[in-house]
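What the coordinates show
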Amino acid sequence: MVRVTTPGVRLLPNAITVLALCAGLSSVQFALIGNYPMAIASIGIAAVLDSLDGRIARLLDATSKMGQELDSLSDGISFGVAPALVLYVWHAEGERIGWVASLIFAVCMILRLARFNTLIEDTEQPPYAGEFFVGVPAPAGGLLAMLPLILELQFGQGWWSHQYVVWVWTIAVAALLISRLPTLSLKTVKAPPKAIAPLLVGVSLLAAAIIQFPLVALAIALILYLAHIPYSVYRQRWLASHPEAWMAPPRERRAIRRRSSRRRLGLRPPLRRVVAGAAQRVRLQRGEQHVARTPRTLSTEKDRDNGRGPRRRSWRRIGLRKR
């Protein structure tokens with residue numbers, strides 16, 4: 001079946017990208033008037049819209065080269081230029097080091113997006129490469145740079161809002177953007193059917209937390225995102241050393257991981273046929289029952305096959321005297 005898309009439908013993903021660009025730039029305007037909560041909210045809205053435009057384009061079969069380029073330019077401005085200017089307006093106070101840190105962050109964001117565009121056209125990557133981003137993605141990087149501002153708005157001034165701490169943090173996030181560290185891509189995360197109901201409950205709790213405590217929920221989410229990077233590095237290395245798990249579903253991957261952990265610890269799989277100190281169980285022909293064969297029953301069957309009856313107990317063998 002051929003899907004026919006109208007020009008208006010094909011325009012929808014690009015319109016969402018432009019809205020994300022407008023939201024990102026609006027954060028600078030909110031920072032200039034001192035409304036920093038709305039500046040953070042604008043970058044968050046831009047991140048949500050950025051996650052929707054690509055999915056809607058693939059769903060409507062409206063992907064295009066222009067849409068990819070527009071998305072990269074929008075990400076560079078919304079998550080690179082806008083957060084750098086917001087931080088500069090908030091905490092620079094006209095100092096040169098603040099402007100240098102803002103420039104470094106914006107340039108690293110543009111370099112990260114340029115590398116992302118080149119990796120899309122690379123066809124020599126292993127199959128598992130689609131499960132990871134190379135470095136921290138643009139929306140996460142833009143929000144991570146705003147973490148000191150989020151903490152100050154929620155908890156007041158502290159060591160996290162010190163001027164030099166803010167600029168060191170900005171440069172550190174810029175380094176994560178252009179690093180080769182793998183980070184998990186939510187596009188490839190699949191939930192089993194049994195976990196759908198608990199996940200929906202978790203989503204409802206998350207929505208309630210965001211509505212009641214937006215800054216706290218956002219700060220916790222960013223800290224958890226940073227904490228997942230070591231696990232992502234471990235998972236990427238494990239997949240690189242186990243080619244048999246590249247195309248395997250999650251259940252088979254877990255089985256491969258358990259087998260590899262047993263080999264690493266030097267453990268043997270449990271014996272199923274022979275168990276020391278227990279009776280051997282022999283499966284008879286189809287339709288017959290299972291019979292437990294002990295050493296005594298084996299000797300009785302052997303005597304029966306030789307034409308002799310079952311052996312009688314010998315009192316001398318047992319060590320008892322006959323009365």
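Structure: see above.
The following paragraphs examine the structure supplied in this document. The shown structure was predicted, so the numbers you read here are calculated from the model rather than taken from an experiment.

Calculation rules
Residues numbered from 1 in each chain as written. Predicted model: local features only at pLDDT ≥ 70, side-chain atom pairs only at ≥ 80, totals over all residues. Heavy atoms only, no water. Helix = DSSP H or I, 4+ residues; strand = E, 2+ residues; numbered from the N terminus. Buried < 20%, exposed > 50% of the residue type's maximum accessible area, 1.4 Å probe, protein only. Contact = heavy atoms within 4.5 Å. Salt bridge = Lys/Arg side-chain N within 4 Å of Asp/Glu carboxyl O. Phe/Tyr/Trp six-rings, centres within 6.5 Å; stacked < 30°, edge-to-face > 60°. Patch = residues over 30% accessible without salt bridge, like charges linked within 9 Å, V, L, I, M, F, W, Y side chains within 5 Å. Areas by Shrake-Rupley, 256 points an atom, 1.4 Å probe, with all protein chains shown as cover. Polar contact = N/O pair within 3.5 Å; in protein donor to acceptor, adjacent residues only side chain to side chain.

Attention now goes to the environment of S102. Topologically, S102 is positioned in helix α4 (residues 96-120). With a relative accessible area of 4%, S102 lands in the buried category. The sequence separation of S102 and A174 amounts to 72 residues, and the corresponding C-alpha distance is 9.5 Å. For S102, the residues in contact, after removing those within four places along its chain, are A84, Y88 and W167.

Before going further, it helps to examine the pattern of salt bridges. Under the criterion given, the structure shown has 2 salt bridges. Note that R235 is salt-bridged to E131, the shortest N-O span being 3.5 Å. Of the two residues, R235 sits in helix α10 (residues 229-241) while E131 sits in the loop between α4 and β1 (132-134), which places them 104 residues apart along the sequence. Owing to a relative accessible area of 23%, R235 belongs among the partly exposed residues under this scheme. With a relative accessible area of 14%, E131 lands in the buried category.

Attention now goes to the packing of aromatic side chains. Inspection of the entire model under this criterion finds 4 aromatic pairs. Measuring from centroid to centroid gives 5.1 Å for Y88 and W99, while their planes differ by 70°, and the two rings are edge-to-face. Pair noted here: Y88 is in helix α3 (residues 65-91) and W99 is in helix α4, with a separation of 11 residues, a long-range link. Exposure remark for Y88: the relative accessible area of 24% places this residue in the partly exposed category. Note on F116 and F133: the rings are 6.5 Å apart at their centroids and 50° apart in plane angle, and the pair reads as tilted. In this pair, F116 sits in helix α4 while F133 sits in strand β1, placing the two residues 17 residues apart along the sequence. On the basis of relative accessible area, F116 is assigned to the partly exposed category, the value being 27%. Its relative accessible area of 17% is what places F133 among the buried residues. Grouping aromatic residues by their ring pairs yields a cluster made of F155, W159 and W160.

This brings us to a nonpolar patch on the surface. Taken together, the side chains of L32, I33 and V89 make up a nonpolar region of the molecular surface, amounting to roughly 290 Å² of accessible area. Structurally, the position occupied by L32 is in helix α1 (residues 7-32). Note on L32: relative accessible area 60%, which makes it exposed.

Looking at where S161 falls in the secondary structure, it is placed in the loop between α6 (147-155) and α7 (163-177). The buried category is assigned to S161, whose relative accessible area is 7%. A distance of 2.9 Å separates a polar side-chain atom of S161 from the backbone oxygen of G158. Aside from chain neighbours lying at most four places away, what touches S161 is W90, H91, E152 and V166.

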